[in-house]
There are 2 protein chains.
Amino acid sequence: MITFEEAEIRSRIIKAMAHPVRLMAIDLLKEGEKSFSSLNDMFDLDKSTVSKHLLVLKEAGILSSRKEGADMIYRLEVPCVTDFFGCVTAVIESNVKRQQVCLCKR
Amino acid sequence: MITFEEAEIRSRIIKAMAHPVRLMAIDLLKEGEKSFSSLNDMFDLDKSTVSKHLLVLKEAGILSSRKEGADMIYRLEVPCVTDFFGCVTAVIESNVKRQQVCLCKR
DNA sequence: TCGCTTGTTGGTATAGTTGCCAACAAGCCA
DNA sequence: TGGCTTGTTGGCAACTATACCAACAAGCGA
């Protein structure tokens, strides 16, 4: 059984992933490094918003970044986070099976 | 590459796990079913607060519950979510290795 | 049936998140 | 150096999440 302190640390890392834009950024970076501008182009959002999302992932230790000329290059530091998604898919499938598609509405 | 809609559905499930109390509840339930009151006893929180956290997990499809006499029994529906934690631990260890312990403060 | 136990729901105050705009900082190149 | 490109930071408004208390609903047993 885990302590509340451990649970708190874990929850911060999970929370960092708990946003569609950040999940997509992780998904895009799983193939390899990408520049900020190429990531930014994938979203119909202000660049400051994208920058802040990437910062959240960086502070969680999931991404790293480095300057290269005028560009900022982002990199997935812990690729196993994409294994997460297999299980999330299992949850979604389990929901569909039980007709409990509550997460699809809203 | 995943769509924004897919990322949104995934993020709702991940968000459901992104709270220390809910992580602890999942951890407690991975050994088997538990009653509401035994879960509630683990937290120094109002029972209504605990009830609402369990509801969040239920709505995500991660837990289920059933009435048994006067008790409410909670059950982990998708045990693979605990595999999540292995990767989260990997992120934490990677952070420590890189002295990037930013998540431990705050 | 009446009261007791058990858990959920409603209401509300506070705290945290998200997104935009504007302003700034750091490189690059003419 | 001056201007251009690129990304980050600060400030603000709208929205969401969390926790408490109070009230309610559903079973159980005397």
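Remember, it's a predicted structure, so these values are computed and weren't measured experimentally.

A. Examining the sheet that holds strand β3 (residues 71-76) of chain B more closely. Residues and elements named next belong to chain B. Spatial ordering of the open sheet is given by β1-β3-β2, a layout of three strands whose pairing is antiparallel. Unpaired on one side and paired on the other, β1 (34-35) and β2 (63-68) mark the two borders of the sheet. Across six bridges, the pairing between β2 and β3 is antiparallel. Bridging across to β3, R66 finds its partner in I73. Docked against the sheet, helix α4 (residues 47-59) engages β2 and β3, running at close to 120 degrees with respect to β2.

B. How the structure looks around the relation of the copies chain A and chain B. Overlaying chain A on chain B yields an RMSD of 0.0 Å, the required transformation being a rotation through 180 degrees with an accompanying axial translation of 0.0 Å. As the rotation angle and translation indicate, the two copies are arranged about a two-fold axis. Among all residues of chain A, the minimum C-alpha distance to the rotation axis is found for F84 of chain A, at 2.9 Å. A high fraction, 100%, of the interface residues of chain A reappear at the interface in chain B, so the copies pair face to face through one surface.

C. Highlighting the nonpolar core. In this structure, I14, M17 and I62 of chain A together with I14, M17, I62 and V81 of chain B are the most contacted members of the largest nonpolar core, which totals 64 residues. When near neighbours in sequence (up to four residues on either side) are disregarded, M17 of chain B contacts I14 of chain A together with L23, I26, I62, V81 and F84 of chain B.

D. Highlighting the protein's contact with DNA strand D. Neighbouring residues of DNA strand D: 20 residues in total, closest K47, S51 and Y74 of chain A together with S48 and H53 of chain B. For DNA strand D, the backbone makes up 59% of the atoms found within 4 Å of the protein, where backbone means sugar plus phosphate. Residue K52 of chain A places a side-chain N or O atom 2.9 Å away from a base oxygen belonging to DNA strand D. Contacts to DNA strand D include R22 of chain B, whose side-chain N or O atom sits 3.1 Å from a phosphate oxygen.

E. Region of the structure containing the side chain of D27 of chain B. Mapped onto the elements of the fold, D27 of chain B is located in helix α2 (residues 20-29). Of the residues examined, D27 of chain B reaches a relative accessible area of 6% and is grouped as buried.

Rules and cut-offs
- Residues numbered from 1 in each chain as written.
- Chains lettered and ligands numbered in written order.
- Predicted model: local features only at pLDDT ≥ 70, side-chain atom pairs only at ≥ 80, totals over all residues.
- Heavy atoms only, no water.
- Pairing = 2+ DSSP bridges.
- Helix = DSSP H or I, 4+ residues; strand = E, 2+ residues; numbered from the N terminus.
- Contact = heavy atoms within 4.5 Å.
- Axes fitted to C-alpha atoms, helices over the stretch in contact; angles between N-to-C directions.
- Least-squares fit on C-alpha atoms with pLDDT ≥ 70 in both.
- Core = buried A, V, L, I, M, F, W, Y, C linked by side-chain atoms within 4.5 Å.
- Buried < 20%, exposed > 50% of the residue type's maximum accessible area, 1.4 Å probe, protein only.
- Near = heavy atom within 4 Å.
- Polar contact = N/O pair within 3.5 Å; in protein donor to acceptor, adjacent residues only side chain to side chain.

These figures come from the coordinates and say nothing about function on their own.
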